[in-house]
Amino acid sequence: MTLLSERKAMDGWTLTSVALGGALGGMGRLFVSRWAASAWGSRFPWGTMLVNLLGALVIGLLASLLEAGSTLALMLLTGVMGGFTTVSSFSLQTLDLLREGRLMAAIANVGVTLIVGLSAVAAGWMLGSLIDGLLLGREALP
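Only a predicted model underlies this, so the values are computations on that prediction, with no experimental measurement involved.

Calculation criteria
Once a new chain begins, its residue numbering starts again from 1 and follows that chain's sequence as written. The model is predicted, so local features are restricted to residues of pLDDT at least 70 and side-chain atom pairs to those at 80 or more, both for listing and for counting; the totals for chains, interfaces and linings are taken over all residues. Calculation of side-chain values draws on the structure's entire complement of heavy atoms; hydrogens and water are dropped beforehand. The convention used is that axes are lines fitted to C-alpha atoms, helices contributing only their stretch in contact, and that angles between N-to-C directions extend from 0 to 180 degrees. Strands here mean DSSP runs of E at least two residues long; helices mean DSSP runs of H or I at least four residues long; both are numbered from the N terminus. Should an angle fall under 35 degrees it is taken as roughly parallel, and over 145 as roughly antiparallel, whereas 65 to 115 is taken as roughly perpendicular and any remaining angle as oblique. The contact criterion used is simple: two residues touch if any of their non-hydrogen atoms lie within 4.5 Å. Ten residue types, Ala, Val, Leu, Ile, Met, Phe, Trp, Tyr, Cys and Pro, are classed as nonpolar, four, Asp, Glu, Lys and Arg, as charged, and the remainder, Gly among them, as polar. Two rings belonging to Phe, Tyr or Trp (six-membered ring only in the last case) form a pair when the distance between their centres is within 6.5 Å. Interplanar angles under 30 degrees mark stacking, angles over 60 mark edge-to-face geometry, and anything in between is tilted. Note on exposure labels: buried denotes an accessible area under 20% of the residue type's maximum, exposed denotes more than 50%, and partly exposed covers the range between, all computed with a 1.4 Å probe on protein chains only. A carboxyl oxygen of Asp or Glu within 4 Å of a side-chain nitrogen of Lys or Arg is what we treat as a salt bridge. For every residue, the predictor reports its confidence as pLDDT, a number between 0 and 100. For a crossing to be left-handed, the near helix must be turned anticlockwise from the far one by less than a right angle; the clockwise case is right-handed. Here the expected length of a helix is defined as 1.5 Å per residue gap, with one fewer gap than residues. Relevant arc is that of directions from the helix axis to the C-beta atoms, nothing else.

Participant: Sorry, what's going on with the packing of helix H2 (residues 46-65) against helix H3 (residues 71-84) here?
Facilitator: Between H2 and H3, the shortest axis-to-axis distance is 10 Å and the interhelical angle comes to 170 degrees. Relative to H3, the element H2 lies roughly antiparallel. Each of Val-51, Leu-54, Gly-55, Val-58, Ile-59, Leu-62 and Ala-63 in H2 lies in contact with H3, whose residues at this interface are Leu-76, Leu-77, Met-81 and Phe-84. The residue makeup of the contact of H2 with H3, split by class, is 10 nonpolar, 1 polar and no charged.

This is how it looks when you write it as structure tokens:
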């Protein structure tokens, strides 16, 4: 069972936690995206790529440490990370690159985001398992 697939009653506190997490994640996405645009320019969607790669690392780390279905897991994974990561923006920006005739930039955007993103999730999971083992004495998961 995955961390977010566990069924849990939707109480008011859980919904509020996810909503607050989404607001925090969205603000974080705006901050990182604007910083990346000012640092590297806006001709390529660097900010969206950075947000998605950081999000992949952090969601892997958190998923390895949090109790499945807990309010904290729902707040951080569904709320904060859902608000922070930008798959819909990534898709739209990739389409824009294609519409501009920038095929290689579109392929680079998709390739780097998917390959490095998957690697970042795995790295985050391994890091979380290591931290979990060091702090709680539990055996690290593969």
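Participant: Would you mind showing me how to read the packing of aromatic side chains here?
Facilitator: Two numbers describe a pair of aromatic rings. These are the distance of the centres and the angle of the planes. All chains considered together, the criterion is met by 3 aromatic pairs. Ring centres of Trp-35 and Trp-40 lie 5.1 Å apart, and the angle between their planes is 75 degrees; this geometry places the pair in the edge-to-face category. Its relative accessible area of 43% is what places Trp-35 among the partly exposed residues. An angle of 70 degrees between the planes, with centres 6.4 Å apart, marks the rings of Trp-40 and Trp-46 as edge-to-face. When its relative accessible area of 46% is taken as the criterion, Trp-40 is described as partly exposed. Following the ring pairs from residue to residue traces out a cluster consisting of Trp-35, Trp-40, Phe-44 and Trp-46.

Participant: Please explain the pattern of salt bridges as it appears in this structure.
Facilitator: Enumeration over the complete set of coordinates arrives at 1 salt bridge. Note that Arg-102 and Glu-100 form a salt bridge whose closest N and O atoms lie 3.4 Å from each other.

Participant: Hey, could you run me through the confidence of the model for the chain in this one?
Facilitator: Low-pLDDT stretches of the model should not have their predicted coordinates read in fine detail. Summarising the model, the chain shows a mean pLDDT of 87, and 90% of its residues fall at 70 or more. Of all the helices and strands in the chain, helix H4 (residues 87-99) carries the lowest mean pLDDT, 86, while helix H1 (residues 12-40) carries the highest, 95. Segment residues 1-6 is flagged for pLDDT under 50; beyond a separation of four residues in sequence, or across chains, it makes 14 contacts in the model.

Participant: Help me understand the packing of H1 against H3 in this model?
Facilitator: When two helices pack together, you describe them by how their axes are tilted relative to each other and by the distance separating the axes. Their axes nearest at 6 Å, the elements H1 and H3 cross at an angle of 35 degrees. Here the hand of the crossing between H1 and H3 comes out right-handed. Contacts between H1 and H3 involve Trp-13, Thr-14, Ser-17, Val-18, Gly-21, Gly-22, Gly-25, Gly-26, Gly-28, Arg-29 and Val-32 from the first element and Thr-71, Leu-74, Met-75, Thr-78, Gly-79, Val-80, Gly-83 and Phe-84 from the second. Of the residues in the contact of H1 with H3, the class split is 7 nonpolar, 11 polar and 1 charged.

Participant: Explanation requested: H3 in the structure shown.
Facilitator: Turn by turn, an α-helix covers 3.6 residues, leaving residues three or four places apart pointing in a common direction. Relative to the 20 Å expected for 14 residues at 1.5 Å per residue, H3 spans 18 Å between its end C-alpha atoms, a close match to the ideal helical length. Taken residue by residue, H3 has Thr-71, Ala-73, Leu-74, Leu-77, Gly-79, Val-80, Met-81, Gly-83 and Phe-84 as its buried positions. In the core, the buried residues of H3 are packed alongside H1 and H2.

Participant: Hey, could you run me through the environment of Leu-136 in this one?
Facilitator: Mapping Leu-136 onto the fold places it in helix H5 (residues 103-136). By relative accessible area, Leu-136 is classed as exposed at 56%. Taking the C-alpha atoms as reference points, Leu-136 and Leu-95, separated by 41 residues in sequence, lie 45 Å from one another.

Participant: Any chance you could explain H4 here in plain terms?
Facilitator: Between its first and last C-alpha, H4 extends 18 Å over 13 residues, near the 18 Å set by a 1.5 Å rise per residue. Regarding H4, the residues found buried are Phe-90, Thr-94 and Leu-97. The buried residues of H4 occupy an angular sector of 55 degrees when projected down its axis, which confines them to one face. Along H4, exposed side chains directed more than 90 degrees from the buried face belong to Ser-88, Leu-92 and Arg-99. Of the surrounding elements, those touching the buried residues of H4 are H2 and H5. Phi for Gly-101, located one or two positions after H4, is positive at around 80 degrees.

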